[in-house]
Amino acid sequence: MSDEPLYLKQNVQVEPLIDRWYAWSHLLPPATAARNLTERHLKIMDSYITTPQVHASAVKNPKMLGGPFVDYGGKRVDEIKALRDRTKAERSHLLELSKALQDLDTCLRAKAKGYSLQPLYAEVPEILKGYVELVYDLNNHPSFRLIESLFYRSKYYDRSAQSLMLSLTTRDDRPFVLSTPRLENENLVDLRIPFDSPAVDRLFQAKSSPMRFGEMKEMLGLNGNGSANKLLRSFLTEEPPQPYQPYTGSGVRWRYFGHACILIETGGVSMMFDPVLSYTYESDISRYTYGDIPDVIDYVMITHNHQDHVLFETLLQIRNKIKCLIVPRSSSGALQDPSLELLLKNAGFNNVVGMDEMEEFKDRGVSITGLPFIGEHSDLNIGTKLAYLVKAGPHSLLFAADSCNIEPKLYEHLHREVGDVDAIFLGMECDGAPLSWLYGPLLTQRLERSMDESRRLSGSNFEQARSIVDQFRCKQAYVYAMGQEPWLNYIMSIKYTGDSRPIVESNRLIEYCQQRGIGAERLFGEKEILLQ
Ligand SMILES: [Fe+2]
Ligand SMILES: [Fe+2]
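Values in this document were obtained by computation on a predicted structure and should not be read as measured data.

Asker: Which parts of the structure should I look at to understand the coordination of the iron ion (ligand 2)?
Answerer: Octahedral six-donor coordination of a metal ideally yields angles of 90 or 180 degrees, compared with 109.5 degrees for tetrahedral four-donor coordination. The coordination sphere of the iron ion (ligand 2), as far as protein atoms go, consists of Asp308 (OD), His309 (NE2) and Asp402 (OD), spread over 2.2 to 2.3 Å. In this structure, the iron ion (ligand 2) lies 3.4 Å from the iron ion (ligand 1), and both are coordinated by Asp402. With Asp308 in the loop between β13 (297-301) and α9 (312-318) and Asp402 in the loop between β19 (395-399) and α11 (408-418), this pair connects stretches of sequence that are 94 residues apart. Under the relative-accessibility criterion, Asp308 is labelled buried at 5%. Using a relative accessible area of 2% as the deciding quantity, one classes Asp402 as buried.

Asker: Before we go on, may I ask you to explain empty space enclosed by the protein in this structure?
Answerer: With a probe scaled to a water molecule rolled over the atoms, the places where space remains empty come into view. Summed over all chains, the structure comprises six cavities of 30 Å³ or more. Of the voids in this model, the largest cavity is the one considered here, and its volume is about 120 Å³. Together, 14 residues line the largest cavity, and Ile18, Leu27, Tyr156, Asp158 and Ala161 are the ones closest to its centre. When residues of the lining of the largest cavity are traced back to their parent elements, those giving at least two are α1 (30-50) and α4 (92-111). For the lining of the largest cavity, the per-class residue count stands at nine nonpolar, two polar and three charged. Of the pockets and cavities examined, the second largest cavity occupies roughly 100 Å³. As for the second largest cavity, its lining consists of Ile18, Asp19, Trp21, Leu27, Ala33, Leu37, His41, Thr87 and Leu94.

Asker: Looking at this model, I keep getting lost on the sheet that holds strand β14 (residues 322-328). Mind explaining?
Answerer: Strand pairing in a sheet relies on backbone hydrogen bonds, with the paired strands running either antiparallel or parallel. Taken in spatial order, the seven strands line up as β15-β14-β13-β12-β11-β10-β23 in an open sheet, and their pairing is mixed. Edge positions in the sheet fall to β15 (352-355) and β23 (527-531), since each has one partner strand and no second. Here the average twist between neighbouring strands, direction ignored, is 20 degrees. Bridge analysis of strand β11 (residues 261-266) against strand β12 (residues 269-273) gives five bridges, and the strand direction is antiparallel. Residue pairing in the sheet places Leu263 in a bridge with Met272 of β12.

Asker: Please clarify how the coordination of the iron ion (ligand 1) should be interpreted in this entry.
Answerer: Within the first shell, the iron ion (ligand 1) binds the protein through His304 (NE2), His306 (ND1), Glu376 (OE), Glu376 (OE) and Asp402 (OD), at distances of 2.2 to 2.5 Å. Donor residues binding the iron ion (ligand 1) come from one chain and are separated in sequence as H-x1-H-x69-E-x25-D.

Asker: Where do I start with the sheet that holds strand β21 (residues 476-480) in this structure?
Answerer: As summarised here, the arrangement of the seven strands in space is β16-β17-β18-β19-β20-β21-β22, forming an open sheet in which the pairing is mixed. Single-partner strands in this sheet number two, and they are β16 (360-363) and β22 (519-522). In this sheet, neighbouring strand axes are inclined to one another by 15 degrees on average, regardless of whether the strands run parallel or antiparallel. Relative to β19, strand β18 (residues 387-392) is paired through five bridges, and the arrangement is antiparallel. Among the inter-strand pairings, Val390 is bridged to a residue of β19, identified as Leu397. The sheet strands contacting helix α16 (residues 501-515) are β21 and β22, and the helix crosses β22 at an angle near 165 degrees.

Conventions and cut-offs
- Residues numbered from 1 in each chain as written.
- Chains lettered and ligands numbered in written order.
- Predicted model: local features only at pLDDT ≥ 70, side-chain atom pairs only at ≥ 80, totals over all residues.
- Heavy atoms only, no water.
- Donors = N, O, S within 2.8 Å, 3.2 Å for Na, K, Ca; no water.
- Helix = DSSP H or I, 4+ residues; strand = E, 2+ residues; numbered from the N terminus.
- Buried < 20%, exposed > 50% of the residue type's maximum accessible area, 1.4 Å probe, protein only.
- 1 Å grid on protein atoms, 1.4 Å probe; cavity = no way out; pocket = protein on both sides within 12 Å on 5 of 7 lines; lining within 4 Å.
- Points joined across faces, edges and corners; volume = space filled by probe spheres on them.
- Nonpolar A, V, L, I, M, F, W, Y, C, P; charged D, E, K, R; others polar.
- Pairing = 2+ DSSP bridges.
- Axes fitted to C-alpha atoms, helices over the stretch in contact; angles between N-to-C directions.
- Contact = heavy atoms within 4.5 Å.

As structure tokens, this is what we get:
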């Protein structure tokens, strides 16, 4: 059999998994992973095993979108049960870690009353000793700081739990990944390789740089002629992809790829924000895809640590192209605020740079400044978030992601520092989920429902967005990061109607801007703009 160099097909989908669950960013840091294991995954699996039909009907109910329901139509209960039992047996140390975090919280609540915390070190659960520092805030509220970097070097960060699941995709429809574990089937190739393996980079490079099948099999540890090999071979093609045409003009070109993902090219510098890419297949909705990105991306910027902005599925596939990955710097050690720098470094990204608020970075006539991003995190103390201001020649573009303008004074201060901004990109998902939807597993005591409902993951509404547009005297306003692209349903679980508040409020902003001669639109699907 000939062994010609082959390309990975453009519609090969890769799902990064941890113990069969979709690897979103809280499943990597050991402490948040442990809490999600016991408080999300095991609970969902237990519930499915007892009442699979309840899950099957809830998944069909649009009001329950994004809820804790397994999307297997009430079937495959035995496999879920086997997964639950295997997880409990193999990850018993993570179960213990989750309980230890809970016990430490309970101990601090009961015993830390403003006096020295030193005597309480004796009561820190044994497995947490040396991994936490006990602290008060200035109002004597006790808490603990996790020494995260050490945690990644402990048995609690187990790379052997990581895998990649490959399949061919031809459509947007996918189950919501936070609630449904991925079970094997005959159309999936399961690669038991950790995320930091160089094989990951070479494999995805094969989308544009071919390799021999024999070499690929050996690299992936798939020897012999089993069915996985045959399937993998069907994911390869002799047909090279269309070569990428970089922007070589003297201005700026930006392209919208969906959600908060935007590629900017100017003066030989390429930048991409919050990469979430669609695969390449036939669809009624025109879009840029994996096939439309440069061979080298100079800077990738992440705005914040939500699953629709830090997407390993995309990041792992483009890691081989990224020269520098800029993330908001934070090392608070707070359970709810894992360090993105550490998380990505431990997942095999070698070129991660943390950026602070008001820090500026320059390269070949382009400047990137990190700006404060407030709100949208249920009032939790989370520092891992940044908006970015990009200046290229006479052009300035502000990527504010899900910033919620809960304090307009901030933007007054920022305007004084950075001046007017030509274009702003702002998320207006102003009916965000309640705190517990994302952070619930981290809580160790019940949050009253009314409190939970009041503390949401909401972006700016009309008034809040309008005030930012006015403050920076923008010439263009783009509403983005709305989760509307159907190829992102698997991480977003959003379906708006014309009456949904984010749509009504963003329509008001667009109308407001247009009345004042400000170009405005809600981005959807794809968009290309050339600035001269
Ligand atoms: Fe967000
Ligand atoms: Fe978002």
